[in-house]
Amino acid sequence: MAIDSLRITRNIVAQAALAKFEPQEYKPGAQHQSDQDLTRWAGDIATPLFHPVGTTKMGRADDPLAVVDSRLRVRGPGGLIAGLRVVDAGVMPLITSGHTNSPVLMVAEKAAQWMVEEAR
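Conventions used here
- Residues numbered from 1 in each chain as written.
- Predicted model: local features only at pLDDT ≥ 70, side-chain atom pairs only at ≥ 80, totals over all residues.
- Heavy atoms only, no water.
- Helix = DSSP H or I, 4+ residues; strand = E, 2+ residues; numbered from the N terminus.
- Rg over C-alpha atoms; globule rule 2.2 N^0.38 Å.
- Buried < 20%, exposed > 50% of the residue type's maximum accessible area, 1.4 Å probe, protein only.
- Contact = heavy atoms within 4.5 Å.
- Lys, Arg positive; Asp, Glu negative; His and termini not counted.
- Charge placed at Lys NZ, Arg CZ, Asp CG, Glu CD.
- Salt bridge = Lys/Arg side-chain N within 4 Å of Asp/Glu carboxyl O.

A.B. asks: So what exactly am I meant to see when it comes to the overall build of the protein here?
C.D. replies: Within the protein, the secondary structure is distributed over three helices and two strands. Listing each helix as α and each strand as β along the protein from the N terminus yields α-α-β-β-α. A compact globule built from 120 residues would reach a C-alpha radius of gyration of about 14 Å, whereas the protein, at 23 Å, exceeds it by more than 25%. Counting only C-alpha atoms and orienting by the principal axes, one finds that the protein spans roughly 65 × 30 × 25 Å. Residues counted as buried form 24% of the 120 residues belonging to the protein. In the protein, once contacts between residues fewer than 6 apart in sequence are set aside, the share between residues at least 24 apart is 39%. Here the protein contributes 13 positive and 13 negative side-chain charges, whose respective centroids are spaced 6 Å apart.

This is the structure in structure tokens:
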């Protein structure tokens, strides 16, 4: 699939409609044409299709690396920062096996529930 993707991309870029932009192939480079070369390059230039997670550690108050508490409230130097939460994939410690959209929606629903409870 990666080889086909590279070849399809090359075909698209070679179309007359893009000629005025003078596209140049940087990686893998036009000199690489064989399946073997393209397979190697696909592994070198590929990036994961996942969204970043785990950038905002959730943890106890005594954990100096924890950015948020168990209710997603942001910690500051003097304690929790009033009215500020992180409600995204950053609070998930590991990437999910599927798309992150649904888990983030679940995190958001839980955060909304906590906010409503705290507003009462």
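Having seen the model, we can carry on.
A.B. asks: Can you help me understand the pattern of salt bridges in this one?
C.D. replies: A side chain of one charge can pair with a side chain of the opposite charge if their charged atoms are brought near each other. Inspection of the entire model under this criterion finds nine salt bridges. The closest approach of N and O atoms between Arg71 and Glu118, which form a salt bridge, is 3.4 Å. Placement of Arg71 in the loop between α2 (35-45) and β1 (73-76) and of Glu118 in helix α3 (residues 101-119) is noted, with a sequence separation of 47 residues between them. Using a relative accessible area of 38% as the deciding quantity, one classes Glu118 as partly exposed. A salt bridge links Glu118 to Arg73; the nearest nitrogen and oxygen atoms lie 3.5 Å apart. On the criterion of sequence distance, the pair formed by Glu118 in helix α3 and Arg73 in strand β1 is long-range, its members being 45 residues apart. One continuous salt-bridge network, built from bridges that share partners, spans Asp69, Arg71, Arg73, Arg85, Glu117 and Glu118.

A.B. asks: Would you take a moment to explain the environment of Thr56 for this structure?
C.D. replies: Structurally, the position occupied by Thr56 is in the loop between α2 and β1. Residues Thr56 and Val86, 30 residues apart in the sequence, show an inter-C-alpha distance of 7.8 Å. In contact with Thr56, other than residues within four places in its own chain, are Val67, Val68, Val86, Gly90 and Val91.

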